[in-house]
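Fold and geometry: a report
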Amino acid sequence: MTSPLTWPDISRELTLLQGLFLSAQQAAIDTIGTNHVEPFLERLQALGQGLVALQATLSSLPSDETPADVRLQLDALQTSMDNLMSLNHRLSAQAQRALAVLFPPDAVKAYSRLGGRGMGSVGSGSGYLKA
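Every residue gets a number counted from 1 within its own chain, in the order that chain's sequence is written. Side-chain atom pairs in this predicted model are given and counted only at pLDDT of 80 or more, local residue features only at pLDDT of at least 70, and totals for whole chains, interfaces and linings cover all residues. Remark: hydrogens and water are excluded; side-chain values derive from all non-hydrogen atoms of the structure.

**Things to note about the overall build of the protein**
If you tally the helices and strands in the protein, you get four helices and zero strands. For the protein, the N- to C-terminal ordering of α and β elements is α-α-α-α. Looking at the protein alone, contacts between residues at least 24 apart form 70% of all its contacts between residues at least 6 apart. Within the structure as shown, the protein displays about 9,500 Å² of accessible surface, and the carbon and sulfur contribution to it stands at 61%. Counting from the N terminus, the helices are the DSSP runs of H or I reaching at least four residues and the strands are the DSSP runs of E reaching at least two. Residue contacts are counted whenever heavy atoms from the two residues lie within 4.5 Å of one another. A 1.4 Å probe and the Shrake-Rupley method give the accessible areas. Residues count as covered only by the protein chains that appear here.

Dropping the structure here:
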């Protein structure tokens, strides 16, 4: 049988998780100029495993006895999670904007219309490329 966790043990786990959040954020920022995303994915996986373990630990403890310093750490983790999600959304939006510059929507529509027509077909299809 394992010894029951104490609040200082949980506080140490929360500190480690905070470090994982900061590491994941830095890895996300580092991927901006490169195509090397594996470190970011590895840190996210470690973070996910840590969060699952913490959830199991916290669910077995009475929440009304949570010390104030542990509550502050939990609030800081929530803020870190929100920041990581925001960073991820910004990076995703940046990639979408870059793709939109490379492949403008009007050009993509024109190419998709061309793909639907047979070679030399004449008909009432799109007048997009009529002379």
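**A short note on helix α3 (residues 68-102)**
For α3, which comprises 35 residues, the first-to-last C-alpha distance of 51 Å matches the rise-based estimate of 51 Å (1.5 Å per residue) to within 8%. Within α3, burial applies to Val-70, Gln-73, Leu-77, Ser-80, Leu-84, Leu-87 and Leu-91. Along its buried surface, α3 packs onto α1 (7-30) and α2 (38-59). What a helix should span is 1.5 Å times the count of its residues minus one. Buried, partly exposed and exposed residues are distinguished by accessible area as a fraction of the type maximum, computed with a 1.4 Å probe on protein chains only: under 20%, between the cut-offs, and over 50%, respectively.

**A short note on the side chain of Thr-66**
In this fold, Thr-66 is placed in the loop between α2 and α3. For Thr-66, a relative accessible area of 14% gives the class buried.

**Let's talk about α2**
Its 22 residues place the ends of α2 32 Å apart at the C-alpha level, agreeing with the 32 Å of an ideal helix rising 1.5 Å per residue. Along α2, the residues classified as buried are Phe-40, Leu-47, Gly-50, Leu-54 and Thr-57. Angularly, the buried residues of α2 cover 110 degrees about the axis, an arc narrow enough to put them on a single face. Across from the buried face of α2, at angles greater than 90 degrees, the exposed residues are Glu-42, Gln-45, Gln-49, Val-52, Gln-55 and Ser-59. On its buried face, α2 is in contact with α1 and α3. The arc in question is traced by the directions running from the helix axis to the C-beta atoms.

**What about the packing of α1 against α2?**
Helix axes are fitted to C-alpha atoms over the stretch in contact, other axes to C-alpha atoms as well, and angles between N-to-C directions run from 0 to 180 degrees. It is the contact of α1 with α2, at a shortest axis distance of 9 Å, that shows an interaxial angle of 155 degrees. Regarding the angle of α1 to α2, the classification is roughly antiparallel. Where α1 crosses over α2, the two elements pack in a sense that is left-handed. Residues Ile-10, Glu-13, Leu-14, Leu-17, Leu-20, Phe-21, Ser-23, Ala-24, Ala-27 and Ala-28 of α1 form the contact with α2, whose participating residues are Pro-39, Phe-40, Arg-43, Leu-44, Ala-46, Leu-47, Gly-50, Leu-51, Leu-54, Thr-57 and Leu-58. For this classification, the nonpolar set comprises Ala, Val, Leu, Ile, Met, Phe, Trp, Tyr, Cys and Pro, the charged set comprises Asp, Glu, Lys and Arg, and every other residue, Gly included, is treated as polar. A class-by-class count of the residues in the contact of α1 with α2 yields 16 nonpolar, three polar and two charged. Any angle that falls under 35 degrees is termed roughly parallel, while one over 145 is termed roughly antiparallel, one within 65 to 115 roughly perpendicular, and all others oblique. Helix crossings fall into two classes, left-handed where the near helix is turned counterclockwise from the far one by less than a right angle and right-handed where it is turned clockwise.

**Remarks on the nonpolar core**
Looking at soluble globular proteins, one finds that nonpolar side chains tend to be buried together. Only buried residues count toward a nonpolar core. Its members are Ala, Val, Leu, Ile, Met, Phe, Trp, Tyr and Cys residues joined through side-chain atoms within 4.5 Å. Ranked by size, the top nonpolar core spans 15 residues in total, and within it Leu-14, Leu-77 and Leu-84 carry the most contacts. When residues of this core are traced back to their parent elements, those giving at least two are α1, α2 and α3. Apart from the residues within four sequence positions on either side, Leu-77 is in contact with Leu-14, Leu-17, Gln-18, Phe-21 and Leu-54.

**Overview of the packing of α1 against α3**
For the pair α1 and α3, interaxial distance at closest approach is 10 Å and the crossing angle is 15 degrees. Taken together, the axes of α1 and α3 are roughly parallel relative to one another. Crossing of α1 over α3 shows left-handed handedness. On α3, the residues that touch Trp-7, Ile-10, Ser-11, Leu-14, Thr-15, Leu-17, Gln-18, Phe-21, Ala-24, Gln-25, Ala-28 and Ile-29 of α1 are Val-70, Gln-73, Leu-74, Ala-76, Leu-77, Ser-80, Met-81, Asn-83, Leu-84, Leu-87 and Leu-91. Partitioning the contact of α1 with α3 into residue classes produces 16 nonpolar, seven polar and no charged.

So yeah, pure geometry; function would need other evidence.
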